[in-house]
Amino acid sequence: MPVKENNEVFISESIDRLLINFRLGLDFMFRFFGEFSFSNLIWSEFFNQCYQIGLKSLPLISLTGFVTGMVFTQQSRPSLQEFGATSWLPSLVAIAIVRALATLVTAIIAAGKVGSNIGAELGSMKVTEQIEAMEVSAVNPFNYLVITRVLASTISIPILSFYTAFVALSGSFINVYFNEETNLRAYLFAAFENINFLDMGSALIKAILFGFTIGMVGCYSGYNAEKGTLGVGKAANKSVVKSIFIIFLIEIFVVQVTNSFR
Amino acid sequence: MKNNVIEVKDLYKSFGSLDVLKGVSLNLEKSENLVVLGKSGSGKSVLIKILSGLIKADSGKVRVLGYDLNNINRIEMQVLRQRIGFCFQSSALYDGMTIAENIAFPLKYAVKGMSDKEIMTKTHEMLEAVGLENKKNQMPAELSGGQKKRIGIARTLVTNPEIILYDEPTAGLDPITCVEINELISEVQDRFKTSAIIITHDLTCAKETGDRIAVLLNGVFKQTGSFDEIFNSNPSGEIKMFRDYNFIEKTQIAPKIELQNF
């Protein structure tokens, strides 16, 4: 006798769906770790994705990072001026940028640009049967599409984050240079005086987790897009919303853990 | 028992409460073109997706080239998929790749040990076989529906499959292109000695390409035999309706259009 699917509702339809999606998301992540190996990695597609995710994001990241650094410096100045403490500006800005802003700004921009792009691309491939076409060609679509993108995102986002930090500090320096007439050497000395290994290490860990999240959520949303063009739009949207939500959860968690070591 | 490359017995498949296949049995002999004819939603595409391992059957025996699809591991499935080809209704060409890259894709990532030169030669050979060698550097979006179908067939043939599964090869094409695709399917059988299951609701396609016809209605095969046995020997019920609908479509609508243009 044929086996039929069980459509029983356990808690409520929406909660059931949420839990099922969570479970499927975890399965997708475990599948990534189960199938990932450097010997099976399709290097050409991986480098292509590094180019798409990393290099092509540089103009947007540069602009955002520079403006963030400059505006943050500008907005912090009046408060410090009240106490005659504008000499603390480089240190204040550097701490904010290295500990939080650079990775967060990069991750949010990447979630919008890269995550939605991955979700839409894979979603479109899914609804037009291109993923099935790969599968029947004896090519593992998970290996070709998901592993390369997740890995490229996990590697590119930390590099972009450090680049954002550099550009943001440059923006901050220009602002400080024209207002306080501080030279570069003095600025750098003041800026990095209070930055330690824990700040750099936690920023790196966060950036790696953010990159992994953006790649994984984008791929999961696209890979599981429902039929039709509406599904492609939904996949792109879900990629961004879920990524940003998880990014903030990770931020809170890592900050708590890091602070316990201070 | 004859030299069967596909054996299906008592196959059942449901999606939720919808029973799609209700005890389907069929055999495909070596070098035979079997046409599965049926209305939209009769389960034709589900049947060939089960045969290619894209969907799992609820119950029933499915053997393809000696492999039992109910008890097949991933490595065996990869090997089997190199021996079967699948032509999608939508062609499912990879949007981001040129035509040559589309055809070379299975050779590059599924077949081990081929040099770039061999891949190029084989790709060129396939483009020649479908008469589109001048399109190799174009993108799929630049091709017509008929050209996309031809490239889909070329991509399927590139790995020298023993069985080809065609999903609605003439759907959405103009009558002249339909004739060309039908000729190409017959030519592929003669030249490459492949066996094929052709899913269609087009009687002309069935007549031109099929050695044997199986009519699938409401999840079961109503009748199997040659085209003449089924349609020219006083059919009744749904098979008669099917025939009459197809002939009305081809003989009565066309003159009306001619008159309007006149």
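Our structure is the block above this text.
So, a few notes on the structure that sits alongside this text. (Residues numbered from 1 in each chain as written. Chains lettered and ligands numbered in written order. Predicted model: local features only at pLDDT ≥ 70, side-chain atom pairs only at ≥ 80, totals over all residues. Heavy atoms only, no water.)

The angle between the axes and the distance between the axes are what describe a pair of packed helices. All names here are of chain A. Two elements in contact, helix 2 (residues 43-53) and helix 6 (residues 141-180), have axes whose closest approach is 8 Å; the angle formed by their N-to-C orientations is 45 degrees. Here helix 2 is positioned oblique relative to helix 6, judged by the angle of their axes. Between helix 2 and helix 6 lies a crossing of right-handed hand. Side by side, helix 2 and helix 6 meet where Glu45, Phe46, Gln49, Cys50 and Ile53 of the first sit next to Tyr144, Thr148, Arg149, Leu151, Ala152, Ser153, Ile155, Ser156, Ile157 and Leu160 of the second. Broken down by class, the residue content of the contact of helix 2 with helix 6 amounts to 9 nonpolar, 4 polar and 2 charged. (Axes fitted to C-alpha atoms, helices over the stretch in contact; angles between N-to-C directions. Helix = DSSP H or I, 4+ residues; strand = E, 2+ residues; numbered from the N terminus. Parallel < 35°, antiparallel > 145°, perpendicular 65-115°, else oblique. Left-handed = near helix turned anticlockwise from the far one by under 90°. Contact = heavy atoms within 4.5 Å. Nonpolar A, V, L, I, M, F, W, Y, C, P; charged D, E, K, R; others polar.)

This next bit is on the interface of chain A and chain B. Contacts between chain A and chain B engage 24 residues on the former and 28 residues on the latter. Here chain A and chain B share an interface that buries about 2200 Å² over both sides, 54% of which is from carbon and sulfur atoms. For the interface between chain A and chain B, the tally reads 4 salt bridges. We note a salt bridge from Arg81 of chain B to Glu135 of chain A, for which the minimum N-O separation is 3.9 Å. Put simply, the parts of the chain that give the side of chain A that touches chain B at least two residues each are helix 4 (89-127) and helix 5 (130-136) of chain A. (Buried area = accessible area lost by both parts, 1.4 Å probe. Salt bridge = Lys/Arg side-chain N within 4 Å of Asp/Glu carboxyl O.)

All names here are of chain B. Spatial strand order, 2-1-4-5: 4 strands in an open sheet with antiparallel pairing. At either end of the open sheet lies a strand with only one pairing partner, and these are strand 2 (18-29) and strand 5 (67-68). In this structure, strand 4 (residues 59-64) lies alongside strand 5, joined through 2 bridges in antiparallel fashion. Bridging across to strand 5, Val64 finds its partner in Tyr67. Along the sheet, helix 1 (residues 44-51) makes contact with strand 1 (4-15), strand 2 and strand 4, crossing strand 1 at roughly 120 degrees. (Pairing = 2+ DSSP bridges.)

Attention now goes to the sheet that holds strand 9 (residues 212-217) of chain B. Residues and elements named next belong to chain B. Ordered in space as 6-7-8-3-9-10, the 6 strands form an open sheet in which the pairing is mixed. The open sheet terminates on both sides in strands that have one partner only, identified here as strand 6 (84-87) and strand 10 (220-225). Taken over all neighbouring pairs, the strand axes of this sheet differ in orientation by 15 degrees on average, direction set aside. Packing against the sheet, helix 2 (residues 74-83) makes contact with strand 6 and strand 7 (163-167), and its axis sits at approximately 65 degrees to strand 6.

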